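Spelled out from the first residue to the last, the chains are:
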Amino acid sequence: MSVLFETSLGDIVIDLETELCPKTCENFLKLCKVYYYNLNAFFNVSKDFLAQVGDPTATGTGGESIWSLIASQGGSNAPRYFTPEFLPRLKHRQRGTVSMAVAPAVAEEHKGGCGSQFFITLGDNIEYLDGKHAVFGHVVEGFETLDKLNDMFVDQDGRPLKDVRIRHVEILEDPFEDPPGLKVPDSAPIRPPDNSTRIAEDEDPLETLPEEEAEEIRRKKAAQASALTLEMVGDLPFANVRPPENVLFVCKLNPVTRDEDLELIFSRFGTIMSCQVIRDKKTGDSLQYAFIEFDKRDEAEQAYFKMQNVLVDDRRIWVDFSQSVARLNNQWSNDVKMGPKRGAGRGKGGFGGREDLEATRRYRGQAEDRGNAYGMVFDVPSSGRRRDRSRSRSPRRHDRSQERPMRSQSPRPRHRDDGTARERRRSRSRDRPSKDRYDRRR
């Protein structure tokens, strides 16, 4: 009676002593049948001693017998362990001996025994384990796998730094009938039962890739990081955005080439949804490149192959598929003709010397004329009274500094000069009527 274990290091075939240890072998086979050992990790590996497995939690404190598992699934209680079967003739003499780990008794309520944990010896003549753990099988194939397991690097607790797991268990022959209430899952588990943060079983930390592949991986990671940064600053709507496949990029245009000219030339390949020559936002001059959007991808491909290096307005144009995603982002579009004209109906309009152009508005509801002040993202309703109050509550320092020199502009000596001037005026006014009287008498 044999069982095949497919591990991450290789296959191991175990022969069971079904006649000498029937209960232990029945428990082991039925646990294998319900995929209990699938994706379990070897959590205790001691060089030239043993390799322990069978605990779903990979802590050494978990696991239970098949009868306890059936009872827990049915909602009833059953002992977690069963009584081990010790036989004097079965000892740990040869490498590859398979033995069931015996849990010690904690108290009268928790009796010790065998559950689901078992180990495989990695050395010969380990007499220390005789009489303490129950032998129930021997490894007949896969000793090279045991050598690899014996050479694994482990931490201070004896667990391998790189996970070694049982990927699949195949029962070659099962002479026992299923116990009542046994439920076999439809498929094997696909996730490990423990939350391991160690090196994965299929990962090689020492593996070196060819220089070209490594450079390609580095470039992909750098591109992903750059895309994430552009998403954070708002230049991209989302990091994994892809450019449209029906938009062509045309460059090396003549500055006099207009949107209508390109639309007329490229319209023979299919329906054009939009055709735009990109212009400078300040001057309105052509930047000598444009974007042409077709209705279908096939039409864009046909135009790409036919219009390459074609002479347009005495210039050989260059046609390629667009890599821009500006049209997918409404907030940060470079389309200077986007949206209705602000000056419509008011006699205003045009931008950069052209009446059909308009400056792009970044924010929704942005004010038209703000001067040199900073624009706000959200329009906050405010009145003049609130502004005056806010200013009066928190006067600025430079306002106080302006008040001080105003007070110092009127020094005291100036008031004295004003007083003498008044006295002179009064004396003059007094002298005038006396002089007039003297003239009359004369």
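Up top is the structure.
What comes next is a walk through the structure. (Residues numbered from 1 in each chain as written. Predicted model: local features only at pLDDT ≥ 70, side-chain atom pairs only at ≥ 80, totals over all residues. Heavy atoms only, no water.)

**Comments concerning the pattern of salt bridges**
Two side chains that carry opposite charge are able to pair once their charged atoms sit near each other. All chains considered together, the criterion is met by 17 salt bridges. Among the ionic pairs, D194 bridges to R159, the shortest N-O distance being 3.2 Å. A residue pair is termed long-range when its members are at least 10 positions apart, and D194 in the loop between β8 (166–171) and α4 (211–233) and R159 in the loop between α3 (143–150) and β8 qualify at 35 residues. Residue E216 is joined to K220 by a salt bridge in which the shortest nitrogen-to-oxygen separation is 3.8 Å. With a gap of 4 residues between them, E216 and K220 both fall in helix α4, about one helical turn apart. Among the residues examined, E216 registers a relative accessible area of 45% and is labelled partly exposed. Here the residues in one salt-bridge network are K30, K33, D174 and D178, joined through shared partners. (Salt bridge = Lys/Arg side-chain N within 4 Å of Asp/Glu carboxyl O. Helix = DSSP H or I, 4+ residues; strand = E, 2+ residues; numbered from the N terminus. Buried < 20%, exposed > 50% of the residue type's maximum accessible area, 1.4 Å probe, protein only.)

**Observations concerning the sheet that holds strand β5 (residues 97–103)**
The 8 strands are arranged β3-β4-β6-β5-β7-β2-β1-β8 in an open sheet whose pairing can be described as antiparallel. With one partner strand each, in any of the chains shown, β3 (44–46) and β8 form the two edges of the open sheet. Sheet twist, expressed as the mean angle between neighbouring strand axes with direction ignored, is 30°. Sheet analysis places strand β2 (residues 11–16) next to strand β7 (residues 134–141), joined by 4 bridges and oriented antiparallel. If you follow V13 over to β7, its bridge partner there is E141. Across the sheet, helix α1 (residues 22–33) touches β1 (2–7), β2, β5, β6 (113–121), β7 and β8, and the angle it forms with β1 is around 45°. (Pairing = 2+ DSSP bridges. Axes fitted to C-alpha atoms, helices over the stretch in contact; angles between N-to-C directions. Contact = heavy atoms within 4.5 Å.)

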